[in-house]
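Understanding the architecture of this molecule
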Amino acid sequence: MEIEELVNSISVVELAAPSRLEAIRELVDSINWQEHSFLPDVVMNAIEEREATAQTIISGDLAMPHAIIDWEGDHCVVFGRSREGVAYRATGDKLHLIVLVLVGQGDHVRHLEVLAVVAELLNDEGFRRSLICAKAADDIRGLLAERCRQSRPALLPKAELPLMSVAIVQHAVGLAESLSAQALLLALDRYDSIPWEPLACWKGRLLIITSKSSNDVVIKRDNTHLFDSPHNSLSRMDRANLGLLLAAAHGVLDHESDVVCITGPRGQTLDSITVTRPAIHFSAVFSMKEQRATTSISASVILRVLSLAIELAAEGREAHPLGAMFVIGDSRRVLKHTQQLVLNPFHGFARRLRNILDPSLAETVKEFATLDGAFIVQADGTIWSVGTYLNPTSRVLDLPGGLGARHQAAAAITAETDAVAVTVSQSTGTVTLFQDGKVVLTLERATLTRW
Ligand SMILES: Nc1ncnc2c1ncn2[C@@H]1O[C@H](COP(=O)(O)OP(=O)(O)OP(=O)(O)O)[C@@H](O)[C@H]1O
């Protein structure tokens, strides 16, 4: 779904209600339910069922109550702005933006898609601030439309690029040609620092990974793939590695030939060239695609968990570093080796209410990461349990030194089953992906590598 399609369908409401339930009711009542032959109370019940699973607060100023309802409509988004603020949490903290998202029954993927587009649209804190401060509902509509217009490709004035970046790209293109590399990968901060001129000589595939999502995208080149990874806490090689993983998951890399990666410190002036062969790092993604069709884990679920893990590693919780473990896929066999340490907070909730791909569950997942034990996640992203202890029957002997019980358990469970596991180390902040009892990817915090 495109942002434009969504923005065109959004209606805006000036909220007067002081509290969560009343504000949601105000948003629901703004829709003409008679036209849909539907009762607003049924909608309220569906939303409350979702709210009871986990909070739908996305950030300090935004909540996204949502539900799947049994109506003929596709989706409906009502944007609520409160000048006074709505007491949304039990603590009484006030939120100013409440966006109601309703999606027609039967299409779970559509539900997640609409939520993801709304979350992306409102991702930028500065933009949310301007919506909160807008004079009237018409101005809010104008701001949303403008945001949407900006997200379309537009031509930028040519940026001044550092000489070093240009020279490095020239050399990387020469190297890629002489190695018959399958792709060139650029890991940098922003699209507008891409040295397009020297890249014109490269006829092969171009992969671009940026850490700051930009609206000013200029792509005048075929065979180019852009990936946004809003994680600027990562070291330069890990950005490149994440780019390779994203490309592999999207099926635009084969594993046999080299990729020439160009990186720079903090994603700025490009100053280094590395040659890597994806098969060495990403057997996880490739082998799942090729051999395990029946039990295959959705690549988007692995990427989502990695993304949450990177955020947990960078942010911690209440200023303390946090460790975590996620075991994904082959849940039937994984669960034979588990023991619940605490009451499972997701027990009893409908599957559609507890999918890790749901962006509004991010805060809840991070909150539950403080519990001892692991998250057990099914191949389609449904969270089965939290606070689960793993009892694999054997140990993995050839793990890198310095890894303790959490990493050992993650390695061992992936050796015994077709699951993959993602860990966040509390002591180092390193995020590790395990498959088949082996470390297949490590992502370190930039502060650890210092370059
Ligand atoms: N078998 C297991 N199943 C689930 N969680 C585990 C298991 N073993 C350890 N943990 C979790 O990992 C935490 C840290 O254990 P430990 O320090 O030994 O591991 P580690 O691999 O060194 O991890 P870190 O780098 O985060 O310290 C434990 O408090 C527990 O919450």
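Here is a short report on the structure shown in this document. Worth saying up front: this structure is predicted, and the values here are computed from it rather than measured.

**As for helix 2 (residues 20–29)**
Along an α-helix, residues three or four positions apart point the same way, because every turn accommodates 3.6 residues. Restricting attention to buried positions, one finds in helix 2 the residues Arg20, Ala23, Ile24, Leu27 and Val28. Around the axis of helix 2, the buried residues are gathered within 140° of arc, so they sit on the same side. Buried residues along helix 2 sit in contact with strand 1 (11–14), helix 3 (40–53), strand 5 (75–87) and strand 6 (94–104).

**Overview of a nonpolar patch on the surface**
Nonpolar side chains collect at one region of the surface, where Leu175, Leu179, Ile273 and Val275 lie side by side and expose about 260 Å² of accessible area between them. Among the elements of the structure, helix 7 (163–179) and strand 11 (272–276) are those that each provide at least two residues to the nonpolar patch. When you line up the elements, Leu175 lands in helix 7. When its relative accessible area of 30% is taken as the criterion, Leu175 is described as partly exposed.

**What about the sheet that holds strand 12 (residues 324–328)?**
In spatial order, the strands read 13-15-14-12-16-17-18; together these seven strands make up an open sheet with mixed pairing. With one partner strand each, in any of the chains shown, strand 13 (338–340) and strand 18 (438–443) form the two edges of the open sheet. Across the sheet, the mean angle separating the axes of adjacent strands is 30° when strand polarity is ignored. Across the sheet, helix 15 (residues 405–416) touches strand 12, strand 15 (383–390), strand 16 (420–424), strand 17 (431–435) and strand 18, and the angle it forms with strand 16 is around 170°.

**A few points about the packing of aromatic side chains**
Counted according to the given criterion, the structure contains three aromatic pairs. A centroid spacing of 4.6 Å and a plane angle of 20° characterise the contact between Phe326 and Phe375, whose relative ring orientation is stacked. Of the two residues, Phe326 is situated in strand 12 and Phe375 in strand 14 (residues 374–377); the sequence distance between them amounts to 49 residues. Judged by relative accessible area, Phe375 falls into the buried class, the value being 2%. Here Phe346 and Phe368 contribute two aromatic rings whose centre-to-centre distance is 5.5 Å and whose plane-to-plane angle is 80°, an arrangement assigned as edge-to-face. Within this pair, whereas Phe346 is found in the loop between strand 13 and helix 14 (362–368), its partner Phe368 is found in helix 14, the two being separated by 22 residues in sequence. Accessibility expressed as a relative area gives 1% for Phe346, which makes it buried.

**Some remarks on the site of the ligand**
In the vicinity of the ligand, 14 residues are found, and the nearest of them are Asp372, Leu390, His407, Ser425 and Gln426. The contact in question runs from an oxygen atom of the ligand to an N or O atom on the side chain of Asp372, over 2.7 Å. Ala405 is positioned such that a nitrogen or oxygen atom in its backbone is 3.1 Å from an oxygen atom of the ligand. Out of a free accessible area of 620 Å², the ligand has 76% covered by protein chains. For the shell around the ligand, the secondary-structure elements that each account for two or more residues are strand 15 and helix 15.

Definitions and limits used
- Along each chain, numbering runs from 1 in the same order as the chain's sequence is written.
- Residues qualify for local features only when their pLDDT is at least 70, as the model is predicted, and side-chain atom pairs are given and counted only at 80 or more; totals for whole chains, interfaces and linings, by contrast, use all residues.
- Note that water and hydrogens are dropped before the side-chain values are worked out from all heavy atoms of the structure.
- Only protein chains enter the accessibility calculation, which uses a 1.4 Å probe; a residue is then buried when its area is under 20% of its type maximum, exposed when over 50%, and partly exposed in between.
- Here a helix means four or more residues in a row that DSSP labels H or I, a strand means two or more in a row labelled E, and each is numbered from the N terminus.
- Comment: arc refers to directions from the helix axis out to C-beta atoms.
- Every residue pair with non-hydrogen atoms within 4.5 Å of one another is taken to be in contact.
- Candidates for patches are residues over 30% relative accessible area with no salt bridge; among them, like charges are joined within 9 Å and nonpolar side chains (Val, Leu, Ile, Met, Phe, Trp, Tyr) within 5 Å.
- Exposure was quantified through the Shrake-Rupley algorithm and a 1.4 Å probe, taking into account, for residues, occlusion by the shown protein chains and nothing else.
- One speaks of a salt bridge when a side-chain nitrogen belonging to Lys or Arg is within 4 Å of a carboxyl oxygen belonging to Asp or Glu.
- Two strands are counted as paired when DSSP detects at least two bridges linking them.
- Whenever a helix is involved, its axis is fitted only over the stretch in contact; in every case the axis is a line through C-alpha atoms, and angles between N-to-C directions fall within 0 to 180 degrees.
- Aromatic pairing here means that ring centres of Phe, Tyr or Trp (its six-membered ring) are within 6.5 Å. Orientation follows from the plane angle: under 30 degrees is stacked, over 60 is edge-to-face, and everything else is tilted.
- Residues are labelled near a given molecule or strand when at least one of their non-hydrogen atoms is within 4 Å of it.
- Here a polar contact means two N or O atoms within 3.5 Å. Within protein one must be a hydrogen donor candidate and the other an acceptor candidate, and residues neighboring in sequence count only if both atoms are side-chain atoms.

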